[in-house]
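Notes for the structure review
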Amino acid sequence: MSELKKIGFVGTGIMGSAMVGHLLDAGFEVSVYNRTKSKAQPLIERGARWCESAGDCAKGQDVVITIVGYPKDVEQVYLAEGGIVDSAQSGAYLVDMTTSSPVVAEKIYAAAKAKNLHAVDAPVTGGDTGAKNATLTILVGGDEADFNALKPVFEVLGKNIVHEGGAGAGQKTKACNQIAIAGALAGACEAFAYAKASGLDIEKVYAAISTGAAGSVQMTGVARRGLDGDFKPGFMLKHLGKDLAIGNETATAYGQALPVLALVLHEIRKMENAGLGSEGTQALLKYYGVID
Ligand code: NAP
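Residues numbered from 1 in each chain as written. Predicted model: local features only at pLDDT ≥ 70, side-chain atom pairs only at ≥ 80, totals over all residues. Heavy atoms only, no water.

Residues in close proximity to the ligand total 27 residues, the closest being Met15, Thr36, Gly69, Gly234 and Lys242. Between the ligand and Arg35 there is a distance of 2.9 Å, counted from an oxygen atom to a side-chain nitrogen or oxygen. Within the backbone of Gly234, a nitrogen or oxygen atom sits 2.7 Å from a nitrogen atom of the ligand. Here the ligand has 890 Å² of accessible area as a free molecule, and 93% of this is covered by the chains. (Near = heavy atom within 4 Å. Polar contact = N/O pair within 3.5 Å; in protein donor to acceptor, adjacent residues only side chain to side chain. Areas by Shrake-Rupley, 256 points an atom, 1.4 Å probe, with all protein chains shown as cover.)

Structure representation (structure tokens):
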């Protein structure tokens, strides 16, 4: 058990709920806040203390962890008047695990530093399964001493925990991850669209190609779920759209054109516009007509 004992946790959605569960099991005193209270109810029943706002959730805590939706949500919970930066006690650690923008992470780091708070960006990979099994990969940007202090907390949530560099470096690494996923996900779904259109047996194609050079987590995890008819969202398309937009915008700012990323983003936006944003990424199989 870490010397850091009291944790305020903001955002108890798909990822956050599982993560708070592990923190409770590990013996931390956890306070929670979520925009929709009902999503925190099972955690309250397991012993988490409910707070009425993100700022309240930050008061008196050793560590404040957030995993909300979009960069605008991150800015709001940290930087709004009465938010986390205003409310946290001097010396507290602030850990944003949302997939957000590196620019926002740098802004929070600077605002926190001015108030003697230790902010790190620590987005995760590994999906809802990684959150449930506490096997997340955690990509950390910020001061190395803060990374070391927070490691016992991270170890409750994940397995592969890497300090990537200064403020924003965790979010930049997460953008690399999502850029790699974009092509792998679209490629896996397009392969099965081709299989169907050409009259092949999709299961035989899956058996043949999923374990070879074409295999990937996107194929054996995400596409497999869809092929099995499991469309319960694990990672929502609207969040993938957000992530790819962050990658696209920051790549442009760094002078880099990434055409495959831009194309997949365009297709995801079309799906969002068709009202599919809250579907899981396996819904791409429906979009391509592989599954009705
Ligand atoms: P989610 O189920 O939508 O959870 C986000 C939670 O944050 C929601 O419960 C939402 O409240 C809450 N929230 C948003 N803005 C808030 C605010 N201003 N104040 C308080 N609560 C707020 O999404 P998720 O799948 O857990 O993903 C969370 C983040 O992790 C996203 O950035 C996503 O890209 C990233 N991520 C997800 C996965 C995955 O596989 N799911 C994997 C890696 C990273 P409401 O209940 O009111 O909507």
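Next, the rest of the story.
For the rest of this paragraph, the subject is the packing of aromatic side chains. Two measures describe an aromatic ring pair: the distance that separates the ring centres and the angle between the ring planes. Evaluation of the coordinates by the stated rule reveals 3 aromatic pairs. Ring plane angle 40° and centroid distance 5.6 Å describe the contact between Tyr33 and Trp50, whose orientation is recorded as tilted. Of this pair, Tyr33 sits in strand E2 (residues 29-33) while Trp50 is found in strand E3 (residues 49-50), placing the two residues 17 residues apart along the sequence. The class of Trp50 is buried, set by a relative accessible area of 17%. (Phe/Tyr/Trp six-rings, centres within 6.5 Å; stacked < 30°, edge-to-face > 60°. Helix = DSSP H or I, 4+ residues; strand = E, 2+ residues; numbered from the N terminus. Buried < 20%, exposed > 50% of the residue type's maximum accessible area, 1.4 Å probe, protein only.)

Counting residues in hydrophobic clusters, the biggest one holds 56 residues, and the most contacted among them are Leu23, Leu94, Met97, Ile138 and Phe154. The residues contacting Met97, other than those within four sequence positions of it, are Met19, Ile65, Thr66, Ile67, Ala122, Pro123, Val124, Ile138, Phe154 and Leu157. By size, the runner-up hydrophobic cluster in this structure holds 29 residues, among which are Ala182, Phe192, Leu237 and Ala283. (Core = buried A, V, L, I, M, F, W, Y, C linked by side-chain atoms within 4.5 Å. Contact = heavy atoms within 4.5 Å.)

This part covers the environment of Asp86. Within the secondary structure, Asp86 is located in helix H5 (residues 84-87). In this structure, the C-alpha to C-alpha distance between Asp86 and Ala112, residues 26 residues apart in sequence, is 8.9 Å. Among all residues touching Asp86, those that are not within four sequence positions of it are Ala80, Glu81 and Lys115. One polar contact links Asp86 to Lys115, side chain to side chain, over a distance of 3.3 Å.

Moving on, we come to the pairing of strand E8 (residues 136-141). Put simply, side chains in a regular strand alternate between the two faces of the sheet. Buried residues dominate E8, accounting for 6 of its 6 residues. Here E8 shows no split at all, with Leu136, Ile138 and Val140 on one side and Thr137, Leu139 and Gly141 on the other all buried. Direction of pairing for strand E7 (residues 124-125) relative to E8: antiparallel, over a ladder of 2 bridges. Within the sheet, the bridge partner assigned to Thr125 lies in E8 and is Thr137. Summarising the sheet, E8 and strand E9 (residues 158-165) pair through 6 bridges and their orientation is parallel. Among the inter-strand pairings, Leu139 is bridged to a residue of E9, identified as Val162. Taken together, E8, helix H8 (residues 144-157) and E9 form a β-α-β motif whose crossover is right-handed. (Pairing = 2+ DSSP bridges. Right-handed = clockwise from strand over helix to strand, strands pointing away.)

In this section: the side chain of Asp96. Among the secondary structure elements, Asp96 is positioned in strand E5 (residues 93-96). Here Asp96 occupies a buried position and makes no salt bridge, while the nearest side chain of opposite charge, Lys242, is found at 9.0 Å. Here the side chain of Asp96 touches Thr66 through a polar contact of 2.7 Å, side chain to side chain. If we skip the residues at most four places from it in the chain, Asp96 touches Thr66, Val74, Tyr78, Val120, Asp121, Ala122, Pro123 and Gln171. (Lys, Arg positive; Asp, Glu negative; His and termini not counted. Salt bridge = Lys/Arg side-chain N within 4 Å of Asp/Glu carboxyl O.)

Before going further, it helps to spend a moment on the domain arrangement of the protein chain. The domain boundaries assigned to the protein chain delineate domain 1 (6-166) and domain 2 (172-287). Relative to domain 2, the C-alpha centre of domain 1 lies at a distance of 27 Å. Contacts between the two partners involve 16 residues from domain 1 and, on the opposite side, 15 residues from domain 2. The contact between domain 1 and domain 2 buries some 1300 Å² in all, and 62% of this surface belongs to carbon and sulfur atoms. Applying the counting rule to domain 1 against domain 2 returns 1 salt bridge. Of the charged contacts, one joins Arg225 and Asp128 as a salt bridge, the two residues approaching to 3.0 Å between their closest N and O atoms. Of all the elements in the fold, those that place two or more residues in the side of domain 1 that touches domain 2 are helix H6 (102-113), E7 and helix H7 (127-133). Counted by class, the side of domain 1 that touches domain 2 contains 7 nonpolar, 6 polar and 3 charged residues. (Domains from an automatic or database assignment. Buried area = accessible area lost by both parts, 1.4 Å probe. Nonpolar A, V, L, I, M, F, W, Y, C, P; charged D, E, K, R; others polar.)

Our focus in this paragraph is the packing of helix H4 (residues 71-79) against H6. Look at H4 against H6: their axes get within 10 Å of each other, and the N-to-C directions meet at 5°. Between H4 and H6, the interaxial angle falls into the category roughly parallel. Here Pro71, Val74, Glu75, Tyr78 and Leu79 of H4 come into contact with H6, specifically with Val104, Lys107, Ile108 and Ala111. When grouped by side-chain class, the residues that make up the contact of H4 with H6 number 7 nonpolar, no polar and 2 charged. (Axes fitted to C-alpha atoms, helices over the stretch in contact; angles between N-to-C directions. Parallel < 35°, antiparallel > 145°, perpendicular 65-115°, else oblique.)

This part is about unusual backbone geometry. Phi angles above zero are rare outside glycine, and Asn116 is one such case at about 55°. With respect to the element layout, Asn116 can be found in the loop between H6 and strand E6 (118-121). The residue Ala134 is not glycine, and still its phi comes out positive at about 55°. Along the polypeptide, Ala134 turns up in the loop between H7 and E8.

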